[in-house]
Structure formats: structure tokens, C-alpha cells
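The chain contents come next:
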Amino acid sequence: MADKLMIVMVNTDPGNAAELGAPFFQAAVAAAMDYDVEVILTARAGELAKKGVADKLFVKEGSGKSVYDFIKDAHEAGVHFKVCTPTLDLYGNDLIPEIEETVGGAYVIEQAMD
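Because the structure is predicted, anything quoted here is derived from the model rather than measured.

Asker: When you look at the sheet that holds strand β3 (residues 80-84) in this model, what are you seeing that I'm missing?
Answerer: Within a sheet, adjacent strands bond to each other through the backbone by hydrogen bonds, running parallel or antiparallel. Ordered in space as β1-β2-β3-β4, the four strands form an open sheet in which the pairing is parallel. Since the sheet does not close on itself, it has two edges, and those belong to β1 (4-9) and β4 (99-103), each with one partner. Along the sheet, successive strands turn relative to each other by an average axial angle of 25°, direction set aside. Direction of pairing for β3 relative to β4: parallel, over a ladder of four bridges. Pairing of Val83 across the sheet is with Thr102, part of β4. Contacts from helix α1 (residues 21-32) reach β1, β2 (36-41) and β3, with the element oriented near 160° to β2.

Structure follows, in C-alpha cells:
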């Protein structure tokens, strides 16, 4: 049985916040089940790694829980967050503290093939 889960969020649009909660929630659940979990933010989804973005987005209108709260919950459960290096060129390098590492495309391919 596999012991690692890698979620790659590529073109998840931060403008459509309703689709943002599930990947982070599922990552947190997998980490709670003792899987080694990492979420890689790249392309359009990489904007979520920038400070001040995810904390202004809400999965459900009127909810007190922001997308950033979902990210923090997942990180506290043991999820490792990474951002692709080219994403920094798009959105800058003022990143949320949950981002542990920047990685390139070769990393994603290597991990997926392992």
C-alpha cells in the first residue's frame, strides 16, 4: 500500500474559492491517517502561496473559515506545502509561512514516478 500522497494544485483558480477547500481538507485527513502528504502549488494555484491571498478567500459565503484556515489546518495535521519555482516569478516570494520549500518541475515528475 502506498504511504505517500502528493496533491498538485495547478490551475485551480483562486477566483473560484468554492473549489479550494476540498484539496486541503483531503490532505489534512490523509495526514491524520499517517500518510506522508505534500501539496504542491503551481501555476494559477501558486497565488495561494502568496501572503494575503488565501486569507481573503472563503469556500462558502458567510463562512468564518478562510481558505488560509484550511491550509493552516492541513499544515498542523502534518501536510508539507511546496511551491514551484516558476510560480515565484508570477506572484513574488512573499510567501505564507506554511510553504516549506520551493521545487521545480523535475521534482514533481520524480516524486510522481517514484
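From this point, the narrative continues.
Asker: What is the right way to read the pairing of β3 from this model?
Answerer: In summary, the side chains of a regular strand alternate between the two faces of the sheet. In terms of burial, β3 is largely enclosed, as four of its five residues are buried. Sheet topology places β2 next to β3; four bridges connect them, and they run parallel. Its bridge partner being in β3, Glu38 is matched across the sheet by His80. Handedness of the β-α-β unit built from β2, helix α2 (residues 67-77) and β3 comes out right-handed. Note on the crossover from β3 through helix α3 (residues 85-91) to β4: the handedness is right-handed.

Asker: Mind showing me how you'd approach the pattern of salt bridges here?
Answerer: One side chain can pair with another of opposite charge once the charged atoms of both are near each other. Considering all chains together, one arrives at eight salt bridges under this definition. Where Lys82 meets Glu38, a salt bridge forms, and the shortest distance between an N and an O atom there is 3.0 Å. Taken together, the positions of Lys82 in strand β3 and Glu38 in strand β2 put the pair 44 residues apart, joining distant regions of the chain. Side by side, Lys82 and Glu38 carry an identical accessibility label, which is buried. Residue Glu47 is joined to Arg44 by a salt bridge in which the shortest nitrogen-to-oxygen separation is 2.3 Å. Each of the salt bridges in this network shares a partner with another, and the network as a whole consists of Lys4, Glu38, Lys82 and Glu101.

Reading guide: rules and limits
- Residues numbered from 1 in each chain as written.
- Predicted model: local features only at pLDDT ≥ 70, side-chain atom pairs only at ≥ 80, totals over all residues.
- Heavy atoms only, no water.
- Pairing = 2+ DSSP bridges.
- Helix = DSSP H or I, 4+ residues; strand = E, 2+ residues; numbered from the N terminus.
- Axes fitted to C-alpha atoms, helices over the stretch in contact; angles between N-to-C directions.
- Contact = heavy atoms within 4.5 Å.
- Buried < 20%, exposed > 50% of the residue type's maximum accessible area, 1.4 Å probe, protein only.
- Right-handed = clockwise from strand over helix to strand, strands pointing away.
- Salt bridge = Lys/Arg side-chain N within 4 Å of Asp/Glu carboxyl O.

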